[in-house]
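Architecture at a glance
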Amino acid sequence: MTKFLAIALKQNTPAFRYNLNRINLMTGKDNNDIYFTEAINKLSRDKIAALSLDPFDTRPIELYKSLQEKLKRDEGHLIKNLRYLAADKISAEASLTSGLILKLNQLTEEVQVSVVKPVILKKIIKSVCPNKTVKKLGYRTLESMLKRESMFNILTVMKYIENKSLNQKLAEQWARLTINDFVTSRVKFEVVPSSLTDVVPIHQDLRLISDFTTATIGLIDISSTVQPGYIVKLISEIIDCLECWYIQSDLIDNFKFNSDFGRIYKNILQNNSNDWLDLMNILEADVVENNLSHGLSMDLLAYKFDKFSLNKIRDVLENDSLLSFWNNTDYLMEICKNEIVSFNIKDLANDLLSLASFANRSTSYARTALKKELLKQYFKPERFIDYVGSLLQINKDSSLRPIFTNS
């Protein structure tokens with residue numbers, strides 16, 4: 001294992017070294033971690049040079065400040081363009097929220113995911129009778145709410161104001177679904193209505209609500225002046241959400257004829273983090289907990305390492321020349337004298353939003369992305385799938401440990 005990976009991932013443990021060496025052996029990719037590290041270092045040097053800095057003579061704090069300034073400049077140009085778009089296509093008011101939603105709808109026009117059919121959603125909502133939601137949204141009867149209110153608004157309010165028992169009944173309904181209950185639909189972006197703003201515990205700094213069931217992402221109206229880092233972090237979160245939906249939609253199609261389809265879908269909906277790595281952890285835990293067939297566990301793992309078409313969506317949203325510098329920087333880190341500087345746009349935006357000092361800078365997003373990228377270096381080798389599949393067997397060998405440990 002390279003020193004870079006040990007420091008960057010905070011995984012300098014015997015278990016990590018053991019598994020990484022064994023993965024190299026099982027895949028026949030000896031020294032793959034070394035090649036991967038070299039590729040990261042080269043990309044890092046190229047990005048530093050693009051900032052007009054010397055890749056071999058730049059202090060960590062100097063690089064960190066340059067990255068933050070670059071991000072602020074790029075975000076300023078992006079905001080200006082979004083306002084121009086809103087003024088040209090919508091109204092002279094030039095609302096930033098309207099411009100962003102218009103741009104997102106344009107860029108994701110061809111992005112299709114699997115959603116539950118509206119008629120099925122109405123049937124499920126009727127079966128659980130969410131009286132608190134009916135009252136909160138200002139309706140007298142359940143029928144009138146289902147006739148006039150959007151499914152996105154109903155399901156969002158239900159999630160947060162109905163009691164645990166009702167939401168458990170809702171989860172049981174998800175578990176009964178079959179592939180015939182789904183239809184393909186494009187992703188929708190819309191402004192969250194005021195009726196929801198006092199109900200939902202919206203993410204403090206992003207004001208973003210997402211619902212995979214209806215493939216809808218709702219944004220709270222963005223103020224005329226926003227703190228540096230706000231817009232780029234919001235867009236990054238949206239990209240993460242779409243990537244996760246993309247893989248979830250493929251999972252639905254992948255397991256449509258499996259007898260455990262309903263429970264798999266229910267578990268997909270439990271993935272509130274919009275992170276596909278968390279999603280896979282949920283599904284793998286389901287394999288072990290419910291003693292599913294070896295064939296299903298192998299399908300899950302084969303899917304995990306053989307379905308990395310996620311860049312399709314990221315490329316769509318980051319194809320704007322204003323953000324081109326930030327392409328392929330998710331997992332990028334520079335390490336100098338054990339000081340880590342993250343190139344990840346969410347780490348940098350997070351520090352701008354929280355006014356963090358260099359000493360308290362964030363690296364967590366880059367570290368998570370690096371874990372994912374490392375896994376992707378080994379995708380599609382059948383022998384590796386066999387090896388990782390053995391980790392999920394109920395009577396697994398005690399010598400086989402998780403690839404990543406909690407840091």
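Below you will find a few notes about this structure. These numbers come from a predicted model, not from an experiment.

Burial of nonpolar side chains together is a common tendency in soluble globular proteins. Ranked by internal contacts, the top residues of the largest apolar core, which has 97 residues, are Leu67, Trp174, Ile217, Leu219, Ile238, Trp245 and Leu370. Discounting residues that sit within four places of it in the chain, Leu219 has contacts with Leu100, Ile101, Leu104, Glu190, Val191, Val192, Arg207, Leu208, Leu234 and Ile238.

Quick look at the pairing of strand E1 (residues 112-116) now. Across a regular strand the side chains alternate sides, sitting on one face of the sheet and then on the other. Extensive coverage of E1 is indicated by the burial of four of its five residues. Pairing between E1 and strand E2 (residues 182-186): five bridges, direction antiparallel. Paired with Val116 across the bridge in E2 is Phe182.

With eight of 10 residues buried, helix H17 (residues 345-354) lies mostly within the body of the structure. Leu355 occupies a position one or two residues after H17 and carries a positive phi of about 55°.

This next bit is on the sheet that holds strand E5 (residues 216-219). Spatially, the three strands line up as an open sheet ordered E3-E5-E4, and their pairing is mixed. Of all strands in the sheet, those bounded by a partner on one side alone are strand E3 (188-191) and strand E4 (208-211). Taking the axes of each pair of neighbouring strands and ignoring which way they run, one obtains an average angle of 20° across the sheet. Bridging between E4 and E5 involves four bridges; their strand directions are antiparallel. Following the sheet pairing, Leu208 is matched in E5 by Leu219.

Moving on, we come to the packing of helix H12 (residues 230-254) against H17. The interhelical angle for the contact between H12 and H17, taken along N-to-C directions, is 140°, at an axis separation of 9 Å. With respect to H17, the axis of H12 lies oblique. Like other packed secondary-structure pairs, H12 and H17 cross with a definite hand, here left-handed. Taking contact as the criterion, the partners of Tyr230, Val232, Lys233, Ser236, Glu237 and Asp240 in H12 are, on H17, Ile345, Lys346, Ala349, Asn350 and Leu353.

For Ala215, which is not glycine, the phi dihedral falls at a positive 55°. Even without being glycine, Leu355 reaches a positive phi, approximately 55°. Within the secondary structure, Leu355 sits in the loop between H17 and helix H18 (364-376).

Moving on, we get to the pairing of strand E7 (residues 339-342). One ladder, built from four bridges, connects strand E6 (residues 333-336) with E7; its direction is antiparallel. When the bridges of E7 are listed, Glu334 appears paired with Val341. The antiparallel hairpin formed by E6 and E7 contains two residues in its connecting segment, where Lys337 sits at a positive phi of about 55°.

This brings us to the pattern of salt bridges. Scanning the entire structure with this criterion turns up seven salt bridges. The shortest N-O distance in the salt bridge between Lys72 and Glu69 comes to 3.1 Å. Placement of the pair is Lys72 and Glu69 together in helix H4 (residues 60-89), with a separation of three residues, close to one helical turn. What makes Glu69 partly exposed here is its relative accessible area of 39%. Residues participating in the shared-partner salt-bridge network are Glu237, Asp240 and Lys346.

Analysis parameters
Residues numbered from 1 in each chain as written. Predicted model: local features only at pLDDT ≥ 70, side-chain atom pairs only at ≥ 80, totals over all residues. Heavy atoms only, no water. Core = buried A, V, L, I, M, F, W, Y, C linked by side-chain atoms within 4.5 Å. Buried < 20%, exposed > 50% of the residue type's maximum accessible area, 1.4 Å probe, protein only. Contact = heavy atoms within 4.5 Å. Helix = DSSP H or I, 4+ residues; strand = E, 2+ residues; numbered from the N terminus. Pairing = 2+ DSSP bridges. Axes fitted to C-alpha atoms, helices over the stretch in contact; angles between N-to-C directions. Parallel < 35°, antiparallel > 145°, perpendicular 65-115°, else oblique. Left-handed = near helix turned anticlockwise from the far one by under 90°. Salt bridge = Lys/Arg side-chain N within 4 Å of Asp/Glu carboxyl O.

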